[in-house]
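As a plain string of letters, each chain reads:
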Amino acid sequence: MAPSKKLSDKNIEWDHPVQFLKGVGPKLSEQLQKAEIENLWDLLFHLPKAYEDRRSFMSYEDLLLKLRESETVITKVRFERTFERKAGRKTWIEAHVQVLNPKTLVYEGQLKFLWFQKWGRSLLKAYPTGTIAVCAGKLQSFRSSLQIAHPQLTKTTDQFEKWSFGSFIPVYVESAYITNRVYRKIIYQALERDDFLELPDALPVSIRKSLKLPNFTQSLKEVHFPKQWLPDSEDSWKENPFFKRLVFEELFLLSLAMYVRKEKWKKSFEGKVKDISVIPLSEKFSKEIEKRLPFNFTPDQEQVIREVAQDLSLNNTIKIPMHRLLLGDVGSGKTIVAFVAALACLKKGKQAALMAPTEILANQHYENFQILFPELKERVVLLKGALKEKEKKELREKIKEGSVQFIIGTQALISDSTEFHSLALVIVDEQHRFGVEQRITLKKNNEKIYPHLLVMTATPIPRSLALTLYGDLSLSYMKSKPKGRQSIDTFLINANKRDAMKERVKNFVEEGRQIYIVYPLVEESEELPLKNVLSAYEEWKELLGDDQVILLHGRMKPKEKDQNMEAFRSGKYKVLVSTTVIEVGVDVPNASVMIIENPERFGLAQLHQLRGRVGRGSQKSICVLVGSQWMSPLAKERLQVIVDNQDGFKISEKDLEIRGPGEFLGRRQSGLPGFRAAHVLRDSALLETAREYAKKIFEEDPNLLKEDHQGLKQAFQRWWAKKLEFTLSG
């Protein structure tokens, strides 16, 4: 049953459906929901990305000065004539207007307005000759005349919209069919409701007083429509107390959520110690494994193995299973640490499961384990989605009865039909690609057993971000590389050097080297002028021969991907033309050249991952970034970070600084709500403060029962607990 329309008249709440706010309605509500705005909270946390100074009107001379600055201009104009124009199939509305002196209304210069949509025709009647109006828009110069496309207009005889003129005006990220003007109007009207200021404040008064923070509703009003401060520079609006308040609230609530989740996870094992597997992993055992390897453990590997051993043996104050996140740079040797932990389980007669994000990586783990430990071939199986149903059924039967002990696979592992006999350890490779929900699901499917959890990521997430996103996990870091692992010389070249690069590739192939060539797109795109992998594959085959080049991309069937990857790994083909499907974990020691086309389309951390596919053998390796001819100076500056750095943690911090945490991890993949106001690097000092206050609140009142904590409890339950799959008691 549809909600009553009277809902718009009742006292507003944070979860008030956006449809029933003034000026919205069903149609606009539908568009807002596509932009993930469903209620008042979502709408008001659609924060401005910038501000426009519309405090006063500009003269014609002012317009000329603003022309090169690409800023919105605001001026008074008089309409001379408005008419429809055509050129071929194109039709548009054009208006010739006079720019007036803002005080005397004397003519100062000429300006054109253009509208390219059909609704522009309504302006023919709305603004007849002689009409004086205020206009706002982006000024351009075309064939020696000034023009504005799709200006915002208000007649001087009308009452000026308070959300459009007379002050600093917010600029939002626009979405399909929702313009800045619409966002301003509905947000302004929501903020001006009489009952808005009565909404509960999440932060206790004690914290607000201690940190001298304004209240929440007033902060939202000031961030959207400034009155008490001037957003005349980027620093001024990011450092003002109102914005600081919104940032602190986000960081504080998420920090509190992490404390609550970690505590509830610990409590879930009370009285269940006997059901948790105790897995001995002695130093003697790890040394025996090391002797069998073609390399020695790095100091970081030894340290992490000790941390894992302590967790597995339940040698902690609180007897709970391991719950550890291993953050390792590309090529730091995380997989062998996972194998050591799995071998300890096998020695105890227990099962271990390793989940990989792709079938290519699952295959690789399976093959590497068999090569390193051939005597255990019968005790390890590969479970993946590409298997026939009969094969899956047979494997699952073996897993259930316990005749196999190390199960390696993809998401197929977490399906409801996989039952384990004695699962003691779950290893999740590339955590942010699976997300929180999937690793929770695996444990729920087997509620009678409480496996240890080791999560690994080759994305070197900075510590501040890791503590925030994965505060319920113990953290381990690996930065050092195995002895003999070489640095990779990295070069940034322009697209006009591509012919010379192709000649160099021919030489590499003749030398017997293997080469990755990575493209951002699978197929040609009309909208993006980028190289694509299918056309490039044909070009490289023509240059080098069909017997030298093989193709790989995500749209291939799993069996074909496996076959092509194996053909390249075996050395049958010298060049692999691919998309980023090879980004994670692929290990071909003979591959020593990585070429990445349109690198400006990738994040820095992703480029570092791709570069890490080479440098694994004895040959000196190189990485060539082939930038497009349209690459901006900022893009070149970003890519220079990769050229100058081999340290993944430094690169990821720069990447996070440039792109923000939501895009850095992939907002939908991170498993946690994206930040709207906070930026983990920029706000690292405030993050530490937020964590301290969250810890204090949690220790004093873990279920938020105090009277001063009721607003906090409401905010927590409504927006964070639901997304993080738990509730407070009491």
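Residues numbered from 1 in each chain as written. Predicted model: local features only at pLDDT ≥ 70, side-chain atom pairs only at ≥ 80, totals over all residues. Heavy atoms only, no water.

**Student:** Please give an account of the sheet that holds strand S18 (residues 549-552) that cites residues and values.
**Tutor:** Read across the sheet, six strands follow the order S16-S21-S20-S17-S19-S18 without closing on themselves; strand pairing throughout is parallel. Lying at the two open borders of the sheet, with one neighbouring strand each, are strand S16 (488-494) and S18. Within this sheet the neighbouring strands show an average axis-to-axis angle of 20°, counted without direction. As paired strands, strand S17 (residues 514-518) and strand S20 (residues 591-597) are joined by five bridges and run parallel to one another. Paired with Ile517 across the bridge in S20 is Ile595. Contacting S17, S18 and strand S19 (575-578), helix H19 (residues 533-544) runs over the sheet at an angle of about 170° to S18. Most of the contacts of helix H22 (residues 633-644) go to S16, to which it runs at about 160°, and overall it touches S16 and strand S21 (621-627). (Pairing = 2+ DSSP bridges. Helix = DSSP H or I, 4+ residues; strand = E, 2+ residues; numbered from the N terminus. Axes fitted to C-alpha atoms, helices over the stretch in contact; angles between N-to-C directions. Contact = heavy atoms within 4.5 Å.)

**Student:** Residues and numbers for the pairing of strand S11 (residues 380-383), please.
**Tutor:** With burial as the criterion, each face of S11 is covered, one bearing Val380 and Leu382 and the other bearing Val381 and Leu383. Looking at chain direction, S11 and strand S12 (residues 406-409) are connected through four bridges and run parallel. What sits directly across from Leu382, in S12, is Ile408. In this fold, the crossover linking S11 to S12 by way of helix H14 (residues 389-401) has right-handed handedness. (Buried < 20%, exposed > 50% of the residue type's maximum accessible area, 1.4 Å probe, protein only. Right-handed = clockwise from strand over helix to strand, strands pointing away.)

**Student:** An account of helix H21 (residues 604-611) is needed here, citing residue identities and associated values.
**Tutor:** Along H21, seven of the eight residues are buried, which leaves the element largely enclosed by surrounding structure. Buried within H21 are the following residues: Leu604, Ala605, Leu607, His608, Gln609, Leu610 and Arg611.

**Student:** Break down empty space enclosed by the protein for me, with residues and values.
**Tutor:** Applying the stated criterion to the full structure yields three cavities of 30 Å³ or more. In this model, the second largest cavity occupies a volume close to 50 Å³. Lining the second largest cavity are eleven residues, and of these Trp14, Pro200, Ala202, Gly711 and Ala715 lie nearest its centre. Examining the composition of the lining of the second largest cavity, we find that five residues originate from one element, helix H26 (residues 710-721), more than from any other. Its residues assigned to classes, the lining of the second largest cavity shows seven nonpolar, two polar and two charged. (1 Å grid on protein atoms, 1.4 Å probe; cavity = no way out; pocket = protein on both sides within 12 Å on 5 of 7 lines; lining within 4 Å. Points joined across faces, edges and corners; volume = space filled by probe spheres on them. Nonpolar A, V, L, I, M, F, W, Y, C, P; charged D, E, K, R; others polar.)

**Student:** A description of the environment of Leu552 should follow, citing residues and the corresponding values.
**Tutor:** Mapped onto the elements, Leu552 comes out in strand S18. Beyond its immediate chain neighbours, meaning those up to four positions away, Leu552 contacts Ile360, Val533, Lys561, Asn564, Met565, Leu576, Val577, Ser578, Thr579, Val581 and Ile582.

**Student:** How would you sum up the pairing of S20? Please name residues and give values.
**Tutor:** With seven of seven residues buried, S20 lies mostly within the body of the structure. In terms of strand pairing, S20 meets S21 through five bridges, oriented parallel. What sits directly across from Ile595, in S21, is Val624. Taken together, S20, H21 and S21 constitute a β-α-β crossover, and its handedness is right-handed.

**Student:** Give a description of the side chain of Lys76 that names residues and reports values.
**Tutor:** The residue Lys76 is located in strand S2 (residues 72-87) in this model. Despite its burial, Lys76 remains without a salt bridge, the nearest opposite charge being carried by Glu108 at 12 Å. Other than its neighbours up to four places away in sequence, Lys76 contacts Phe57, Gln98, Val99, Leu100, Pro102, Leu105, Ala133 and Val134. (Lys, Arg positive; Asp, Glu negative; His and termini not counted. Salt bridge = Lys/Arg side-chain N within 4 Å of Asp/Glu carboxyl O.)

**Student:** Let's hear about the packing of aromatic side chains: which residues, and what values?
**Tutor:** One pass over the full model with this rule turns up 21 aromatic pairs. Summarising the aromatic geometry, the rings of Trp14 and Trp41 are spaced 5.5 Å apart at their centres and angled 85° between planes, so their arrangement reads as edge-to-face. Here Trp14 is found in the segment before helix H1 (25-34), whereas its partner Trp41 is found in helix H2 (residues 40-44), with 27 residues between them in sequence. Trp41 shares its class with Trp14; the two are buried. Relative to Phe406, the ring of Phe369 lies with its centre 4.9 Å away and its plane at 70°, an arrangement referred to as edge-to-face. Remark: Phe406 occurs in strand S12 and Phe369 occurs in helix H13 (residues 359-372); sequence separation between them is 37 residues. With relative accessibility at 0%, the residue Phe369 sits in the buried group. For Phe406, a relative accessible area of 0% gives the class buried. An aromatic cluster is built from Trp14, Trp41, Phe45, Phe196 and Phe216, whose rings are joined through pairwise contacts. Across the ring face of Phe649, the terminal group of Lys479 is positioned such that the distance to the ring centre comes to 4.9 Å. (Phe/Tyr/Trp six-rings, centres within 6.5 Å; stacked < 30°, edge-to-face > 60°. Lys NZ or Arg CZ within 6 Å of the ring centre and 35° of its normal.)

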